[in-house]
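Remarks on the overall topology
Listed here are the chains, written in short residue letters.
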Amino acid sequence: MAEPSMYERALGADFEQLPEAVQRFHRLQGAWTLTGEVETEAPTTWLARCLAWGLGTPRRATRGAIRFELLASPTVETWRRHFPAQTMPSTLRLQGRELQESLGLSRLRFRLAASPQGLEMLLVELHFLGLPCPRWLRPRIVAREQGRGQRLHFEVSADVPFIGRVAGYRGHLDLPEAP
């Protein structure tokens, strides 16, 4: 039997509440390439575009195919999202029952919330260029996953106070057949 995945470790017994497709996605270990469809949004202001550049998030609106490369172990995952106009890599690490994501010039820490509707990542802390982001300037992040059939549906957005939407994308990944 394989070791519990990073998400199983972070969520504990709550992992079983997730829809079956979300559980399947977060139990994948080793190297995987998944495909699907995605729609990205452009940042809403000039300053938001600058932040998007520093994060490596999409900087223009697109719609099309996505290729998602996953390298997963029980405590670290590397994600490479190949959007229609650019690639966005990040690394997630397990820290206790939370996840830390290194994304461009930032380091984000998330608490996970599981429900029968899906998974939500809740921002707990953000560092940009190594400096902590004050709570009043912390972005409002939506990071949700739902599962339907053989697909993992995702929705991600980040809105920074006084700056606007820095990142936004939504779509689905086609999951491999269940073992």
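Relevant structure appears above.
No experiment lies behind these values; they were computed from the predicted model shown. (Residues numbered from 1 in each chain as written. Predicted model: local features only at pLDDT ≥ 70, side-chain atom pairs only at ≥ 80, totals over all residues. Heavy atoms only, no water.)

A few points about the environment of G56
Quick note on the threshold: Runs of E in the DSSP output that reach at least two residues are strands. Runs of H or I that reach at least four are helices, and both are numbered from the N terminus.
Within the element layout of this structure, G56 appears in the loop between α3 (46-55) and β2 (62-72). As for G56 and S106, which are separated by 50 residues in sequence, their C-alpha atoms are 9.8 Å apart.

Focus on the packing of aromatic side chains
To keep things clear, this is the line we draw: Planes of paired rings set the category: under 30 degrees apart is stacked, over 60 is edge-to-face and the rest tilted, where pairs are Phe, Tyr or Trp rings (Trp by its six-membered ring) whose centres lie within 6.5 Å. Note on exposure labels: buried denotes an accessible area under 20% of the residue type's maximum, exposed denotes more than 50%, and partly exposed covers the range between, all computed with a 1.4 Å probe on protein chains only.
Inspection of the entire model under this criterion finds six aromatic pairs. Consider the rings of F68 and W79, whose centres lie 5.2 Å apart with planes at 75 degrees: the pair is edge-to-face. Within this pair, whereas F68 is found in strand β2, its partner W79 is found in strand β3 (residues 76-82), the two being separated by eleven residues in sequence. Residue F68 is classed as buried on the basis of its relative accessible area, which comes to 3%. On the accessibility criterion, W79 (8% relative accessible area) is buried. Taken together, the ring pairs in this structure connect F25, F68 and W79 into an aromatic cluster.

Some details on unusual backbone geometry
Not every positive phi belongs to a glycine, and L129 is a case in point at roughly 55 degrees. Considering the arrangement of structural elements, one finds L129 in the loop between β7 (118-128) and β8 (131-132). Judged by relative accessible area, which is 58%, L129 ranks as exposed. One non-glycine residue, F162, lies in the positive phi region at around 70 degrees. Inspection of the secondary structure puts F162 in the loop between β10 (151-160) and β11 (164-174).

Observations concerning the side chain of T62
Heads up, the rule is: We call two residues in contact when some of their heavy atoms are within 4.5 Å.
Relative to the helices and strands, T62 resides in strand β2. If we skip the residues at most four places from it in the chain, T62 touches V38, E39, T40, P84 and A85.

Comments concerning the pairing of β11
Threshold: Strands are treated as partners if at least two bridges between them are detected by DSSP.
Burial analysis of β11 places eight of its eleven residues in the buried class, the great majority of the element. Across five bridges, the pairing between strand β1 (residues 30-40) and β11 is antiparallel. Paired with G36 across the strands is L173, a residue of β11. Pairing analysis gives ten bridges linking β10 to β11, with the strands arranged antiparallel. By the bridge assignment for β11, A158 is matched with A167. If you look at the hairpin formed by β10 and β11, you'll find three residues sitting between the two strands, and F162 has a positive phi there, around 70 degrees.

Here we look at the nonpolar core
What counts here: Here, nonpolar core means buried Ala, Val, Leu, Ile, Met, Phe, Trp, Tyr and Cys residues that are tied together by side-chain atoms lying within 4.5 Å of each other.
Counting 41 residues, the largest nonpolar core has Y7, F25, L99, L112, M121 and L173 as its most contacted members. Those residues in contact with F25 that lie beyond four places of it in its chain are L34, F68, W79, E145, L152, L173 and L175. With six residues, the next largest nonpolar core counts A52, V160, I163 and V166 among its residues.

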